[in-house]
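Structural overview for review
Take a look at the letters that make up each chain.
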Amino acid sequence: MIKASSALKGLLRLFPSPVAIPTQKALSCQPESFVDGDSHVRFHGVDEEVVLMPSLMKPKKVSFRGSDGRRYVFLCKREDSGDMRKDARLMDFARVVNRLLGKDSQSKQRSLSLRTYEVLPLNEECGLVEWVDNLVSIRAAYLNMYRSKGFTTSFQEIIKAKEVKTCSDVEFFDEFVTPLFPVMLHSFFVRKYRDPSTWLEARRRFTRSVAVWSMTGYIVGLGDRHGENITIEMSTGTCVHVDFACMFDKGLTLKVPELVPFRLTRNLIDAMGIHAPEGAFRRVSEMTLECLRQNKETLMSVLETFLHDPLVEWNTSSFSKERATSSKPNAKNAYAVRTLRAVEMKLEGIVGSGLALSIEGQVQRLIHEATSSENLSKMYPGWMAWV
């Protein structure tokens, strides 16, 4: 905990300010805002207590006071290796997906959507992220359950055992690591949602939101889905993703390539019920992918503007090199062209170099790849594929 009066002196001098507080609602184009005139809430002040978060980059949780008397909480974040503008772009894409799902009768009937929040980049490294209350990372959720049940096997022990293993990666994963970590996320839901009807609704929301995020993340090549980047909104059970620095299949180019299209490990499946990934997860995945494929032109046009944005380098090494060696000011970026073609193939049902698959066939292929021990055993250890 730090004090705003000592750590944020420059910021305090700006208040009260005519600048609108950058919430998702304020920055969205709402028809009623043109009728009611200027109704934006302005910065009026900041609370004295600023929370220093425990993660590596020590982001600050700051509570601003609005001109309406309410408090608006933001995470002031700095990225060393990422780019806050990518997070903002992904949120823009997610809102487009939400509008498309809202127009689809089956998706609307099930209230399918991606949980979004406002990301306001100030430059490529720093920005403000709208705070979402009651989020718990899935890593924290199942680690708490493991500790409460007396399971003490540490991450370091797994690494040491892998270094001296004499069997294949798949055998080590299936026969040694997996039995040490029984599934616990179902128990976490039962413990948190005591009322049966509340528990059932939370599980339903979780299953559907995981499916929608999985299909959307697959289309844009979203990687780095370790346990800290997938959270649960405890008030509803909805799955919320954070940190979108690894996009457009960048995970395939890492030192240890990410071979799965999205995270669908045993604990996530366990939280969905005994029939998962069959039932609701598969059906919602098919509905979401069908909606995305039917609106291919819309999505491609949105992604094309992202990839050709001169301010954002989606692939730092190859992108900057190609831009530097290009002699024509308006020459198409080769990386952008390749990436858009990869996205287009996904929206056409083409997986790998094969023929186009049906929606059901494509979902079946993706679920198989996401749950395959062959793929999971080759993920980098920090991804913790065994949970």
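Everything numeric here is computed off the predicted structure, so don't read it as measured data.

**What about the side chain of H241?**
Counting through the fold element by element, H241 comes out in strand β10 (residues 238-241). Polar contacts involving the side chain of H241 include one to the side chain of R225, which spans 3.2 Å. Not counting residues up to four positions away in its chain, the partners in contact with H241 are Y117, W213, L222, R225, N229 and I230.

**What to know about the nonpolar core**
F189 and F206 are the most contacted members of the largest nonpolar core, which totals 91 residues. At 10 residues, helix α5 (residues 84-103) tops the list of elements feeding residues into this core.

**Looking at empty space enclosed by the protein**
All told, the structure shown has 2 cavities of 30 Å³ or more when counted by the stated rule. Considering only enclosed or pocket space, the largest cavity measures out at about 130 Å³ in volume. Taken together, 14 residues form the lining of the largest cavity, with K162, F173, S377, M379 and W386 sitting closest to its centre. Considering each element in turn, the lining of the largest cavity owes the most residues, 4 residues, to helix α9 (residues 169-177). Its residues placed into classes, the lining of the largest cavity shows 11 nonpolar, 1 polar and 2 charged. By volume, the second largest cavity amounts to about 80 Å³. Considering the residues around the second largest cavity, the lining is formed by 14 residues, among which S214, I230, H241, F262 and R263 are closest to the centre. The set of elements that each furnish at least two residues to the lining of the second largest cavity consists of α11 (196-219) and β10. Among the elements that take part in the lining of the second largest cavity, α11 stands out by supplying 5 residues, more than any other. In terms of residue class, the lining of the second largest cavity is built from 9 nonpolar, 3 polar and 2 charged.

**Comments concerning the pattern of salt bridges**
In this structure the tally under the stated criterion is 19 salt bridges. In this structure, the salt-bridge partner of K346 is D249, at a minimum N-O distance of 3.1 Å. Of this pair, K346 sits in helix α16 (residues 334-347) while D249 is found in the loop between β10 and α12 (266-272), placing the two residues 97 residues apart along the sequence. Residue classification places D249 among the partly exposed positions, given a relative accessible area of 27%.

**Observations regarding the confidence of the model for the protein chain**
Put simply, the protein chain has an average pLDDT of 87, and 91% of its residues get 70 or more. Counting interchain partners and residues more than four positions distant, the pLDDT-below-50 stretch residues 317-332 has 16 contacts.

**Some thoughts on a positive patch on the surface**
A contiguous patch of positive charge on the surface is contributed by K149, R191, K192 and R194. Its location among the elements puts K192 in helix α10 (residues 185-192). Exposure remark for K192: the relative accessible area of 48% places this residue in the partly exposed category.

Thresholds applied
Residues numbered from 1 in each chain as written. Predicted model: local features only at pLDDT ≥ 70, side-chain atom pairs only at ≥ 80, totals over all residues. Heavy atoms only, no water. Helix = DSSP H or I, 4+ residues; strand = E, 2+ residues; numbered from the N terminus. Polar contact = N/O pair within 3.5 Å; in protein donor to acceptor, adjacent residues only side chain to side chain. Contact = heavy atoms within 4.5 Å. Core = buried A, V, L, I, M, F, W, Y, C linked by side-chain atoms within 4.5 Å. Buried < 20%, exposed > 50% of the residue type's maximum accessible area, 1.4 Å probe, protein only. 1 Å grid on protein atoms, 1.4 Å probe; cavity = no way out; pocket = protein on both sides within 12 Å on 5 of 7 lines; lining within 4 Å. Points joined across faces, edges and corners; volume = space filled by probe spheres on them. Nonpolar A, V, L, I, M, F, W, Y, C, P; charged D, E, K, R; others polar. Salt bridge = Lys/Arg side-chain N within 4 Å of Asp/Glu carboxyl O. pLDDT = per-residue confidence, 0-100. Patch = residues over 30% accessible without salt bridge, like charges linked within 9 Å, V, L, I, M, F, W, Y side chains within 5 Å. Areas by Shrake-Rupley, 256 points an atom, 1.4 Å probe, with all protein chains shown as cover. Lys, Arg positive; Asp, Glu negative; His and termini not counted. Charge placed at Lys NZ, Arg CZ, Asp CG, Glu CD.

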